[in-house]
Amino acid sequence: MLDIGFIRDNVELVKEGMKNKGENDISAVDKAVEKDEEWRGLVTEIDQLRAESNTKAKQIGQLMGEGKKEEAQALIKETGESKGKIKELEKAVSEVRNELNELLYRIPNVPDASVPVGHSEEDNEVFSTWGEPDENEKLKPHWEIAEQNNWIDFERGVKVTGAGFPFYVGRMATLQRALINFFINEAISAGYTELQSPYFVNEDSARGTGQIPDKEDMMYEIQRDEFFLIPTAEVPVTNFHRDEILEEDDLPVLYTAYTPCWRREAGSYGKEVRGLNRLHQFDKVELVKIVHPEQSDKELESLREYAESLLQKLDLPYRTLLMCTGDMGFTQTKKYDLEVWSAGQKRWLEVSSCSNFGSFQARRMQLRFRNEKGKTEMLHTLNGSGLALPRIVAAILEKYQTEEGKVQVPKVLEPYMGEGFI
RNA sequence: GGAGAGAUGCCAGAGUGGUCGAAUGGGCUCGCCUGGAAAGCGAGUGUACCGUGAAAGCGGUACCGAGGGUUCGAAUCCCUCUCUCUCCGCCA
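Residues numbered from 1 in each chain as written. Chains lettered and ligands numbered in written order. Predicted model: local features only at pLDDT ≥ 70, side-chain atom pairs only at ≥ 80, totals over all residues. Heavy atoms only, no water.

J.: I'd like a rundown of the protein's contact with RNA strand B, residues and numbers included.
T.: In the neighbourhood of RNA strand B, 20 residues make up the surrounding shell, with Thr44, Ala57, Arg368, Arg370 and Thr376 lying closest. Counting only atoms of RNA strand B within 4 Å of the protein, the fraction found in sugar and phosphate groups is 76%. Between RNA strand B and the protein, one listed contact pairs a phosphate oxygen with a side-chain N or O atom of Asn54 at 3.4 Å. Ala57 is positioned with one of its backbone polar atoms (N or O) 2.9 Å from a base nitrogen of RNA strand B. At the level of elements, α3 (27–66), α4 (69–105) and β14 (368–370) are the ones that each hand at least two residues to the surface near RNA strand B. Here the element with the most residues in the surface near RNA strand B is α3; it accounts for twelve residues. (Near = heavy atom within 4 Å. Polar contact = N/O pair within 3.5 Å; in protein donor to acceptor, adjacent residues only side chain to side chain. Helix = DSSP H or I, 4+ residues; strand = E, 2+ residues; numbered from the N terminus.)

J.: Talk me through the packing of aromatic side chains; I want residue IDs and the actual numbers.
T.: Throughout the structure, instances matching the rule amount to eleven aromatic pairs. Plain terms: the ring middles of Phe165 and Tyr220 are 6.3 Å apart, the flat faces sit at 55° to each other, and that makes the pair tilted. A residue pair is termed long-range when its members are at least 10 positions apart, and Phe165 in the loop between α6 (154–160) and β3 (167–168) and Tyr220 in the loop between α8 (203–209) and β6 (221–222) qualify at 55 residues. Judged by its relative accessible area of 18%, Phe165 falls in the buried class. Given the relative accessible area of 22%, Tyr220 is considered partly exposed. Ring plane angle 45° and centroid distance 5.6 Å describe the contact between Phe182 and Phe183, whose orientation is recorded as tilted. Residue Phe182 shares its accessibility class with Phe183, and that shared class is buried. Grouped by ring-pair contacts, the aromatic residues Phe182, Phe183 and Tyr416 constitute a single cluster. Cation over ring: Lys215 sits above Phe330, and NZ or CZ is 4.6 Å from the ring centre. (Phe/Tyr/Trp six-rings, centres within 6.5 Å; stacked < 30°, edge-to-face > 60°. Buried < 20%, exposed > 50% of the residue type's maximum accessible area, 1.4 Å probe, protein only. Lys NZ or Arg CZ within 6 Å of the ring centre and 35° of its normal.)

J.: Before we move on, can you summarise the layout of surface pockets with the specific residues and values?
T.: When its volume is computed, the second largest pocket comes out at roughly 480 Å³. As for the second largest pocket, its lining consists of 21 residues, of which Phe154, Glu155, Val273, Arg274 and Gly275 are closest to the centre. Looking at the lining of the second largest pocket, the elements with two or more residues in it are α5 (142–149), β2 (152–153) and α6. For the lining of the second largest pocket, a count of residues per class yields ten nonpolar, five polar and six charged. (1 Å grid on protein atoms, 1.4 Å probe; cavity = no way out; pocket = protein on both sides within 12 Å on 5 of 7 lines; lining within 4 Å. Points joined across faces, edges and corners; volume = space filled by probe spheres on them. Nonpolar A, V, L, I, M, F, W, Y, C, P; charged D, E, K, R; others polar.)

J.: Can you break down the nonpolar core residue by residue, with the values?
T.: Soluble globular proteins: nonpolar side chains tend toward being buried together. In terms of nonpolar packing, the biggest core is built from 54 residues, with Leu179, Phe183, Ile392 and Leu397 touching the most fellow members. A per-element tally of this core places helix α7 (residues 171–189) first, with nine residues. Core analysis: the second largest hydrophobic core is formed by 20 residues, Leu2, Val33, Leu104 and Val110 among them. (Core = buried A, V, L, I, M, F, W, Y, C linked by side-chain atoms within 4.5 Å.)

J.: How would you summarise the side chain of His241 if you had to cite specific residues and measurements?
T.: In this fold, His241 is placed in the loop between α9 (234–238) and β8 (245–247). Judged by its relative accessible area of 11%, His241 falls in the buried class. Of note is the side chain of His241, whose polar atom sits 2.8 Å from the side chain of Glu244. Non-local contacts of His241, meaning those with residues more than four positions away in its chain, are made with Leu246, Val253, Tyr255, Ile290 and Leu367. (Contact = heavy atoms within 4.5 Å.)

J.: How would you sum up the sheet that holds strand β7 (residues 227–229)? Please name residues and give values.
T.: In space, the three strands of this open sheet follow the order β5-β7-β6, with antiparallel pairing throughout. At either margin of the open sheet sits one strand with a lone partner, and together these are β5 (200–201) and β6. (Pairing = 2+ DSSP bridges.)

Note that all results are geometric; they support no functional claim without further evidence.
Below, the structure is given as structure tokens:
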């Protein structure tokens with residue numbers, strides 16, 4: 001969430017950002033400013049009353065100690081009325097604060113000035129492209145190649161769990177494991193610390209990274225134990241330092257983690273989501289950066305460059321999009337999407353999303369550092385996929401396929417699964 | 001899953017109704033001492049919010065696992081929850 005002090009000083013900027021992100025109802029901004037004023041008024045009032053009653057309580061204590069029971073008794077009578085008033089105010093303060101927080105949770109992060117204003121994916125800017133998309137009509141989509149080789153068992157996945165939960169069989173399972181290792185090892189070389197995280201998170205964590213409120217429908221939920229299955233490793237990994245104050249010298253903090261990801265993807269079926277294009281469970285190696293506020297712009301660029309380097313090493317053509325305001329999501333200030341070329345489907349598939357969240361997540365998580373003046377300050381968080389597996393697998397199968405229906409092992413994966421064919 | 005114990009500041013640990021934001025020790029920071037270091041000595045060392053101020057600061061409030069209650073007054077008493085530890089059971 002945004003700092004209410006920032007909103008107070010930048011009402012128009014926040015409203016404009018909200019509009020540009022496609023939010024029609026921007027009334028939350030004015031309401032929040034009003035609530036904040038109301039809240040501060042109440043706090044001032046209650047603080048005064050408490051100060052008075054604290055003074056009296058101390059006097060009573062003193063009188064009791066001196067044995068002046070009657071004087072004490074008289075004072076006790078006096079305190080009776082302010083006591084009720086304080087109770088009332090306490091209730092009012094917490095109610096108003098809750099209302100204010102609800103409003104704040106509904107106000108999206110302000111897009112960075114460098115982000116193009118737009119309404120939909122049509123307005124995203126192609127930031128760069130790498131490699132030559134192969135338009136060869138003979139190239140088959142990955143599901144055909146997989147079927148020929150008995151590599152992916154969608155039907156048994158349906159039987160055992162449901163649609164969107166495939167089995168990977170034999171060398172396909174090995175390929176996935178190889179990719180995970182390749183991605184993790186690359187990240188470690190780039191300075192990230194590997195983390196193995198829980199696959200379930202509690203409500204506070206989901207709130208910290210912004211899945212709650214409003215986006216809980218994307219997550220699977222274990223109601224009995226009040227857990228959510230992680231939709232991305234971003235959630236547990238970014239929350240790793242929740243409610244902590246880091247030392248400036250320790251920045252930037254870089255983590256990488258491989259986890260499965262679970263997403264309900266409610267209502268999305270059809271040819272767009274055929275094969276590995278969209279699943280309810282998939283594997284991903286995630287990158288998380290916790291950085292000094294002044295460094296986050298720079299860190300976003302290096303995050304994007306790093307993610308791009310993985311596609312280059314796999315020799316998969318891709319393009320990088322700078323997402324427009326309307327297509328970038330609630331919590332981000334700026335976001336790049338990396339899309340790999342699907343040579344069999346003749347379309348671009350999103351395989352990484354690199355985002356800067358500014359202090360938006362950090363504020364929700366109370367994730368701070370101590371600056372050179374010794375004051376605490378909110379950190380900035382970023383994350384990006386490095387990379388998401390299924391679509392990479394799809395792109396590999398389609399690009400590295402041979403006419404006989406075999407698939408060549410990409411050069412960089414040879415150390416992990418041998419030379420030749422998968 | 002059953003039985004018991006516990007949760008206090010960066011750490012260890014005291015405090016069982018009043019002057020406690022909290023003893024003491026350690027750590028850390030600064031200063032003195034030293035050729036330098038160690039030891040020693042002295043001072044300081046939480047977070048958040050409200051108000052005020054250009055700022056340093058100053059005034060106030062809250063916080064001793066979380067939430068609620070009793071009381072003029074709660075770290076201290078009561079209730080609920082969470083977590084940790086020990087023993088038993090189960091188990092990769």
